[in-house]
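Observations on the model geometry
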Amino acid sequence: MSSHHHRLSELEAIALLERALSTGKPAGHVELGIGDDAAVLRFGRERLVWTVDACVEGVHFDRRWLSLEDLGWRALMAAASDLAAMGATPVAALCQLALPRSVGRAELARLSRGQAAAARAIACPVIGGNISRAPGLSLVTTVLGRVKRPLLRSGARVGDRLILVGAVGRAALGLRLLQAGRRGRSPWAEAWRRPVALIDHGRALAKTAHAAVDISDGLAGDAAHLGRASRVRVVIEERALSETLDASFRRAAQRVGANALELALHGGEDYALLCASPRCPRPARHIGYIERGAGVWLEGDDGSRTRMTRGGFDHLVR
């Protein structure tokens, strides 16, 4: 007798864990638990923001397309991006390294050089962690930050503008180029190999924005996270989003048979910031607005709308 297992999605897994691990109303120092970019702990007048991110070979990266220095950099920046989305300042990081036998002293030195460079770039020292043997290479990075008033996914208000800080689609294009055999250091390949957590922008946005999320799973997918948490409809204006895509990006996308707008909507790992805000300070770009309702909608010049049903990257459904 065979059994058929339902394929568990990332959202379903998070919901299950939230139910199983819930102790009712957050108590003591816990201000916010499972469900946002990071957990929030309250200590006096300040909040500590705590997050963890995994970078697993065969799931998040392929060593044919990036160096070990790139991997060390990427793992720390991906984790720190959650702090940027909360408007937090990094304090320190811990890293769990799982190393296959193929990784020796020289390889570990290269990996740690990349981590150290990223740590210096955002003033977030790696102060410890754990090392173990494993069949495949993985880095699990925990980052602690601090903030007085954290930006949450759940604060978007009807009438807010939808604003974007940073570029979207570039990392996805870079990955497509690498997969197509173009191994050069193009700006798009670099966007995938060496993303930058927008810590300073996040801190600045925290002064005026009502809600934010970092774009790791794709613009449409992460907009859906923000809309769901805030119980609002997110409308992305096609023309406004298209205006953020420069001509060289469009040409490079065309060369690998990709649609530039599709890359912008569904490509992940840019670690740009998507915010709901009453205004649009520079260098943010206006790309839509928040209204009553649900879902993520793409609005054309003629006012026609298409509901975005395709999700972002799901770590459990492959």
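Whatever comes next refers back to the structure up there.
Just so it is clear, the structure is predicted and the values come from calculations on it, not from any experiment.

Regarding the environment of L48
If you trace the backbone, L48 turns up in strand β3 (residues 46-56). It is 6.9 Å that separates the C-alpha atoms of L48 and L144, two residues lying 96 residues apart in sequence.

Some details on the layout of surface pockets
Roughly 390 Å³ of volume is contained in the second largest pocket. Surrounding the second largest pocket, 21 residues form its lining, V165, G166, A167, V168 and R170 being those nearest its centre. A class-by-class count of the residues in the lining of the second largest pocket yields 13 nonpolar, three polar and five charged.

Structural notes on the pattern of salt bridges
For side chains of opposite charge, pairing can occur when their charged atoms come near one another. For the structure on display, the rule yields 13 salt bridges. The partner of R113 in a salt bridge is E69, with the nearest N and O atoms 3.3 Å apart. With R113 in helix α3 (residues 105-121) and E69 in helix α2 (residues 68-86), this residue pair connects regions lying 44 residues apart in the sequence. E291 is paired through a salt bridge with R305; the nearest N and O atoms lie 2.7 Å apart.

Topic: helix α7 (residues 219-230)
Since the α-helix advances by 3.6 residues per turn, residues separated by three or four positions end up pointing in the same direction. Its 12 residues place the ends of α7 16 Å apart at the C-alpha level, agreeing with the 16 Å of an ideal helix rising 1.5 Å per residue. Within α7, burial applies to L219, A220, G221, D222, A223, H225, L226, G227 and S230. Positive phi shows up at R231, right after α7, with a value of about 55°.

Here we look at the side chain of D70
Positionally, D70 belongs in helix α2. Dropping the residues within four chain positions of it, D70 is found in contact with R185, R193 and R194.

Here's the deal with the sheet that holds strand β12 (residues 296-299)
Strands sit in the order β8-β10-β7-β11-β9-β12-β13 across an open sheet of seven strands; the sheet is mixed. Of all the strands in the sheet, just β8 (211-215) and β13 (305-307) have a single pairing partner and so form its edges. Averaged over neighbouring strand pairs, the angle between their axes works out to 25° when direction is ignored. Running at roughly 160° to β8, α2 makes contact with β8 and β10 (272-277) of the sheet. The sheet contacts of α7 involve β8, β9 (233-237), β10, β11 (285-291) and β12, and relative to β8 the element is tilted by about 155°.

Cut-off values and rules
Residues numbered from 1 in each chain as written. Predicted model: local features only at pLDDT ≥ 70, side-chain atom pairs only at ≥ 80, totals over all residues. Heavy atoms only, no water. Helix = DSSP H or I, 4+ residues; strand = E, 2+ residues; numbered from the N terminus. 1 Å grid on protein atoms, 1.4 Å probe; cavity = no way out; pocket = protein on both sides within 12 Å on 5 of 7 lines; lining within 4 Å. Points joined across faces, edges and corners; volume = space filled by probe spheres on them. Nonpolar A, V, L, I, M, F, W, Y, C, P; charged D, E, K, R; others polar. Salt bridge = Lys/Arg side-chain N within 4 Å of Asp/Glu carboxyl O. Expected span 1.5 Å × (residues − 1). Buried < 20%, exposed > 50% of the residue type's maximum accessible area, 1.4 Å probe, protein only. Contact = heavy atoms within 4.5 Å. Pairing = 2+ DSSP bridges. Axes fitted to C-alpha atoms, helices over the stretch in contact; angles between N-to-C directions.

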